[in-house]
Amino acid sequence: MKVILNSEQIEQILRRLITHIISDASDRADIAVIGIRSRGEILAQRLSSILSEETGKEVPCGTLDITLYRDDLNAPQSTVQPQVRTTEIGFNIDDKIIILVDDVLYTGRSARAAMDALIDLGRPKAIRLAVLVDRTGREFPIQADYAGFKTDVAPGKLVQVNLIESDGKDEVVIE
Amino acid sequence: MIKNGRVIDPANGLDKKCDVLIVDEKIADVGEIEKKAEKVIDATGKIVTPGLIDMHVHFREPGDEEEETIASGSAAAVAAGFTSVVCMPNTNPTIDNETDVEYIHRKGRKARKTHVYTMGAITKQLQGVELAEMGFMAEAGAVGFTDDGNGLQDPAVMLRALKYAAMFDVVIAQHCQDNSFAGNGVMNAGYYSTILGLPGISTLAEEAMLWRDIQLVKKANVRYHAQHISTAGSVELIRAAKKASLPVTCEVTPHHLLLTDQCCAEYDTNYKVNPPLRSAEDIDALKQAIADGLVDALVTDHAPHLQSEKELEFLAAPFGIVGLECALGLYVKALVEPGILSWPGLISLMTERPAKIIGVDKGTLGKGKQGDVTIIDPDAEYEIDVNKFRSKSKNCPYHGWKVTGRVEKTIVGGEIRFSAGD
Amino acid sequence: MALMRKAKHFKWQHKHLLGLRELNSEEITYILDTAKGFEQISTRSVKKAPTLRGKVVVNLFFEDSTRTRNSFTLAASRLSADVIEFTKKASAVSKGETLLDTAKNLEAMGIDIVVIRHSAGGAPKFLSRNIKACVVNAGDGYCEHPTQALLDVYTIRKLKGTLEGLKIAIVGDIAHSRVARSDLWAMSKLGADVILVGPPTLMPAEVGRLPVDVSYSLDEVIEKVDVINMLRIQFERLGGNPFPSVREYSHYFGLTVERMKRAKSDIMVMHPGPINRGLEMESEVADGENSVILDQVKNGLAVRMAVMFLVNQAAAQKI
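Only a predicted model underlies this, so the values are computations on that prediction, with no experimental measurement involved. (Residues numbered from 1 in each chain as written. Chains lettered and ligands numbered in written order. Predicted model: local features only at pLDDT ≥ 70, side-chain atom pairs only at ≥ 80, totals over all residues.)

## Looking at the overall build of chain C
- Counting its regular elements, chain C contains 11 helices and 9 strands.
- The C-alpha atoms of chain C give a radius of gyration of 20 Å, which matches the 20 Å a tight globule of 319 residues would have.
- With the principal axes as the frame, chain C shows a C-alpha extent of 65 × 55 × 40 Å.
- The buried share of chain C, taken over its 319 residues, is 48%.
- Nonlocal contacts in chain C, meaning residues at least 24 apart in sequence, comprise 77% of its contacts between residues at least 6 apart. (Helix = DSSP H or I, 4+ residues; strand = E, 2+ residues; numbered from the N terminus. Rg over C-alpha atoms; globule rule 2.2 N^0.38 Å. Buried ≥ 20, exposed ≤ 12 C-beta atoms within 10 Å, placed from the backbone. Contact = placed C-beta atoms within 7 Å.)

Next comes the structure, spelled out in structure tokens:
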């Protein structure tokens, strides 16, 4: 197990992402942050509260469960069963710029599922993908608009993001 | 000549190691015999008994020959040690006149396996309304009368049947099932029918009719035989009737001594039978009844059905278990092994007592009697394999059961008609 | 921000839902938790998710039922499955095509899930032993109606938080009710005290051996219970007249406004539907503020979606 990001580095990366997001949102269109369960949700909450502070405007936060939209339900890739949880988006996503947040962007399949899920919920003005870790190995033509840390990790290895709220500390490890 | 076997002949009070000599289809002598014989069977370590009798089987001919014929059924019976069987009249058409009775006898003779007897119907077409020609059927050789398959619902008709039968020396047998209690039930009414969501047949269905019939027998004083009793309540009714010296007899099947309604929990239709499998308490009462000498015959109620007929949801499948070819081992398991009966006690219920009920001069090794003999290996252990059954149907829940007690040879009229290892 | 618990490594392993008697409380709770995730599909504007896209669901209904069948149909289509409706009158003596033949014919066409309602207890189990598709029991004889019970306990859990320690009465023709049986399994496993109420002629054999109390008097019970489930009296089933008249039944066992006055103020009133107004309950009660009957219907969709999702998952994981 190798630690590739410690908590200070993660803090720095998040700050950097926020700066980019703010500078892009020059037209002050309504921004909302939606995190993909389950660690994307935590990152989204952090991002939305910082964004709200920095912009002085309330940036709403929602949680998206993509289980129903996964493409591997009938061809399970592992023995772990996907668990259906709730999607909690307490606001209308129409005409908003949705910052879709996930912990790791790898094959791009989760992001694809998340986009399909969002489109069934409404018509956002734009969807921008923000991720903490962007690893090579795309299987779908999907790119992050805001990529925190780019890395090239061998396919057999797992990039695990641990966060204080769920795992007790902030760090990113390779297993 | 059968040498050195343990000869058990309850009809003559015999249980000892000796020889049996058959000459010209008849029993010539039983005892220490020095004579020379053409054919000698060494029965050392085996039990030698009068040919076994099963007084309740269904051979489905005429009408449902794909399930079983008299030929296949009697072949199954003889392989199981039975030298005489009694068919039930609920064939299609039913056996309710003398030509039908003669038909069964003729087919039985042609098959040359066991003696095939038949009961006649009490009422025409088993409808329970008009009496059938019991006189002619009795003269043609019917050994009793029953509407088996159905219970005779109307009490007045039953009384009339009993009174009429008093003219002939016959036994009236009843499949005790009061339909207003039984309804459309398919298994015993109890905890299991409740959780399996199936309509149940209460024990009252059997007991109500048995009680009623016993009252009628008090008036008519005709020999009455309660078929396949299954409940503790029925046992008590029989006990009281016998205590009052009424001419009442009864029979029990192996499944009612070995299986409970819990067996239906997986909806396996091989356990669907009528009367249904009951509770453990009922089994105990039946075993006690046997120990007390209240039961007169052990029968299989051999009821063949095709796999396609049984391969239905439990509610829709027909009732019935085939039992001939595993009967002996099952009786041993249920009664001899737990010490409820000794071998002589068991043999009595399969020879002299049923013979008396149906009024045939069989079930005995007395001098001059028919040379029907069964040779049993009481220690042979084996596994029941339905695929080896000679019966055409295999609807049997005992596949794979390990039992003890196997028929070695069956001799009918001096002729070896079955030999283990054939 | 709430601390998230580590995901439990629970696996749903049943490719059939035949009944609740054989499930444990963890499994039942898992279905309820899963159903929560499906609720919002019915409330948002695009009422579809691609979860069962390309899968074929057959509604094999041998008994009349528009309500349950429609619920399954809608649930399956909301998950983008293709639905085939197959309704058939079956006679007790199987004339014509047997259940087995019917199912095998359907299977030959390539189906994934069979939702079956049949008058013979055990028919879904029989089917599950003979075909490869997933089998979901929509009601078999007097045996079980698992999705109804699941939506019942889901509705209770949603309102009351938990079933632990609740006193729940089920009132009606218990002997012939598969809803009562599935309910009592689910409710007792989730920690509720269940009491069956009805006339002695409508109680099943050896009812005392079930994990329930029994009462022949609704009046005796009404003040003590937190939830009351009124079963539909089905005239078509009652050949044999176990109670002398509708009037007498509703007098002793009907949920009247008067009885409601004596009940707890927050008592939950349930009914699997359709209601015989004036028989099992008075209209005012059915439409009153304690009634959750319409919520039951709504929750039925989420529960059925969850069930089809789960059995499909179990089937997919075993390939």
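## Things to note about the overall build of chain B
- On a plain count of helices and strands, chain B comes out with 14 helices and 18 strands.
- Relative to its length of 422 residues, chain B is compact, with a C-alpha radius of gyration of 20 Å against a globular reference of 22 Å.
- By the burial criterion, 59% of the 422 residues in chain B qualify as buried.

## Points about the domain arrangement of chain C
Residue and element names in this part refer to chain C.
- Partitioning chain C into domains gives domain 1 (25–144 + 300–317) and domain 2 (146–296).
- Using C-alpha coordinates to define each centre, domain 1 is positioned 25 Å away from domain 2.
- Taken together, the contact between domain 1 and domain 2 spans 18 residues of the former and 18 residues of the latter.
- Those elements giving two or more residues to the side of domain 1 that touches domain 2 turn out to be α1 (25–36), β4 (134–140) and α11 (293–317).
- Among the elements that make up the side of domain 1 that touches domain 2, the one with the highest residue count is α1 (5 residues). (Domains from an automatic or database assignment.)

## Quick look at the arrangement of the chains
- Comparison of the 2 pairs of chains in contact shows the highest number of contacts for chains B and C.
- The smallest C-alpha distance separating chain A from chain B is 29 Å, and no contact links them.

## What to know about unusual backbone geometry
- The step from A:R37 to A:S38 runs through a cis peptide bond, and the omega angle for that step is 5°.
- Among the structural elements, A:S38 can be located in the loop between β2 (31–36) and α2 (39–55).
- For the peptide bond that leads from B:E61 to B:P62, omega is 5°, which places it in the cis range.
- By the element assignment, B:P62 lies in the loop between β6 (52–57) and α1 (70–79).
- Backbone geometry places B:S245, a non-glycine residue, at a positive phi of 60°.
- Within the element layout of this structure, B:S245 appears in the loop between α8 (232–243) and β14 (248–252).
- Residue class for B:S245 comes out exposed when judged on the 7 C-beta atoms lying within 10 Å of it.
- Although it is not a glycine, B:D301 sits at a positive phi angle of roughly 50°.
- Looking at the element boundaries, B:D301 is found in the loop between β15 (297–298) and α11 (307–310).
- Judged by the 27 C-beta atoms lying within 10 Å of it, B:D301 falls in the buried class.

## A closer look at the packing of helix α1 (residues 7–24) of chain A against α2(A)
Residues and elements named next belong to chain A.
- Running from N to C, α1 and α2 point in directions that differ by 55°, and their axes come no closer than 10 Å. As summarised for this structure, α1 and α2 are arranged oblique, according to the angle between their axes. Relative to α2, the crossing made by α1 is right-handed. Residues L14, I18, I21 and I22 of α1 form the contact with α2, whose own contacting residues are R46, L47, I50, L51, E54 and T55.
- Within the contact of α1 with α2, the residues separate by chemical class into 7 nonpolar, 1 polar and 2 charged. (Axes fitted to C-alpha atoms, helices over the stretch in contact; angles between N-to-C directions. Parallel < 35°, antiparallel > 145°, perpendicular 65-115°, else oblique. Left-handed = near helix turned anticlockwise from the far one by under 90°. Nonpolar A, V, L, I, M, F, W, Y, C, P; charged D, E, K, R; others polar.)

## Remarks on the sheet that holds strand β9 (residues 268–270) of chain C
Residues and elements named next belong to chain C.
- If you walk across this open sheet you meet the 5 strands as β7-β6-β5-β8-β9, and the pairing is parallel. Edge positions in the sheet fall to β7 (213–215) and β9, since each of these pairs with one other strand and no more. Looking at each pair of strands side by side, their axes are set apart by 20° on average, direction ignored.
- Relative to strand β8 (residues 227–230), strand β5 (residues 167–171) runs parallel, the two being bridged by 4 bridges. Opposite I170, over in β8, you have N229 as the bridge partner. (Pairing = 2+ DSSP bridges.)

## Looking at the interface of chain C and chain B
- Between chain C and chain B, the residue contacts involve 26 residues of the former and 17 residues of the latter.
- Sorting elements by how many residues they give to the side of chain C that touches chain B places helix α4 (residues 123–130) of chain C first, with 3 residues.
- Its residues placed into classes, the side of chain C that touches chain B shows 12 nonpolar, 6 polar and 8 charged.

## Observations concerning the sheet that holds strand β5 (residues 126–135) of chain A
Residue and element names in this part refer to chain A.
- Read from one edge to the other, the open sheet built from 5 strands follows the order β3-β2-β4-β5-β6, with strand pairing classed as parallel. With one partner strand each, in any of the chains shown, β3 (61–64) and β6 (146–151) form the two edges of the open sheet. Looking at each pair of strands side by side, their axes are set apart by 25° on average, direction ignored.
- Relative to strand β4 (residues 97–105), β2 is paired through 5 bridges, and the arrangement is parallel. Bridge pairing in β4 places I34 opposite L100.
- Taken strand by strand, α1 contacts β4, β5 and β6, and its axis lies near 140° from that of β6.
- Contacting β2, β3, β4 and β5, α2 crosses the sheet at an angle of about 160° to β2.

## Examining the environment of A:R138
Residues and elements named next belong to chain A.
- Here R138 lies in the loop between β5 and β6.
- When the C-alpha atoms of R138 and R109 are compared, they prove to be 8.6 Å apart, with 29 residues separating the residues in sequence.
- If near-sequence neighbours (up to four positions away) are discounted, R138 is found in contact with T107 and G108.

## A short note on the interface of chain A and chain C
- Counting from both sides, the interface comprises 20 residues of chain A and, opposite them, 22 residues of chain C.
- A per-class count over the side of chain A that touches chain C returns 6 nonpolar, 9 polar and 5 charged.

## So, α8(B)
Residues and elements named next belong to chain B.
- Under the 1.5 Å per step criterion, the end-to-end length of α8 is 17 Å for 12 residues, consistent within 8% with the ideal 16 Å.
- Of the positions making up α8, those classed as buried are S234, V235, L237, I238 and A241. What you see down the axis of α8 is that its buried residues fit within an arc of 160°, all on one side.
- One or two positions beyond α8, positive phi appears at S245, with a value near 60°. (Expected span 1.5 Å × (residues − 1). Arc of directions from axis to C-beta.)

## Focus: the environment of C:V303
Residue and element names in this part refer to chain C.
- With respect to the element layout, V303 can be found in helix α11.
- Given 30 C-beta atoms within 10 Å, V303 falls into the buried group.
- Residues contacting V303, with those up to four places away along its chain left out, are A35, T147, L150, L151 and Y154.

## Regarding the environment of C:Q148
Residue and element names in this part refer to chain C.
- Summarising the element assignment, Q148 is placed in helix α5 (residues 146–160).
- Overall, Q148 belongs to the buried group, with 23 C-beta atoms counted inside 10 Å.
- Distance in space between the C-alpha atoms of Q148 and P272 is 7.3 Å, their sequence separation being 124 residues.
- The residues touching Q148, leaving out its near neighbours within four places in the chain, are V179, S182 and P272.

## What to know about α5(C)
All names here are of chain C.
- In a regular helix each residue adds 1.5 Å, so 15 residues correspond to 21 Å; α5 covers 21 Å between its end C-alpha atoms and thus fits that length.
- Where burial is concerned, most of α5 is hidden: 12 out of the 15 residues are buried.
- In the core, the buried residues of α5 are packed alongside α1, β4, α6 (178–189), β8, β9 and α11.
- G161 sits one or two positions beyond α5 and adopts a positive phi of about 90°.

## Some words on the pairing of strand β17 (residues 402–412) of chain B
All names here are of chain B.
- Burial analysis of β17 places 8 of its 11 residues in the buried class, the great majority of the element.
- One ladder, built from 4 bridges, connects β17 with strand β18 (residues 415–419); its direction is antiparallel. Of the residues in β18, the one forming a bridge with T410 is F418.
- Here β17 folds back onto β18 in antiparallel fashion, the turn holding 2 residues, of which G413 has a positive phi close to 55°.

## Digging into the nonpolar core
All names here are of chain C.
- The biggest cluster of nonpolar side chains holds 282 residues, and the ones touching the most others in it are V114, I170, A306 and M308.
- Per element, the largest residue contribution to this core is 10 residues, and it comes from α11.
- Structurally, this core is a two-domain feature, drawing no fewer than three residues from each of domain 1 (25–144 + 300–317) and domain 2 (146–296).
- I170 has contacts with A180, D183, L184, V194, L196, V197, N229 and L231, leaving out every residue within four places of it along the chain. (Core = buried A, V, L, I, M, F, W, Y, C linked by C-beta atoms within 7 Å.)

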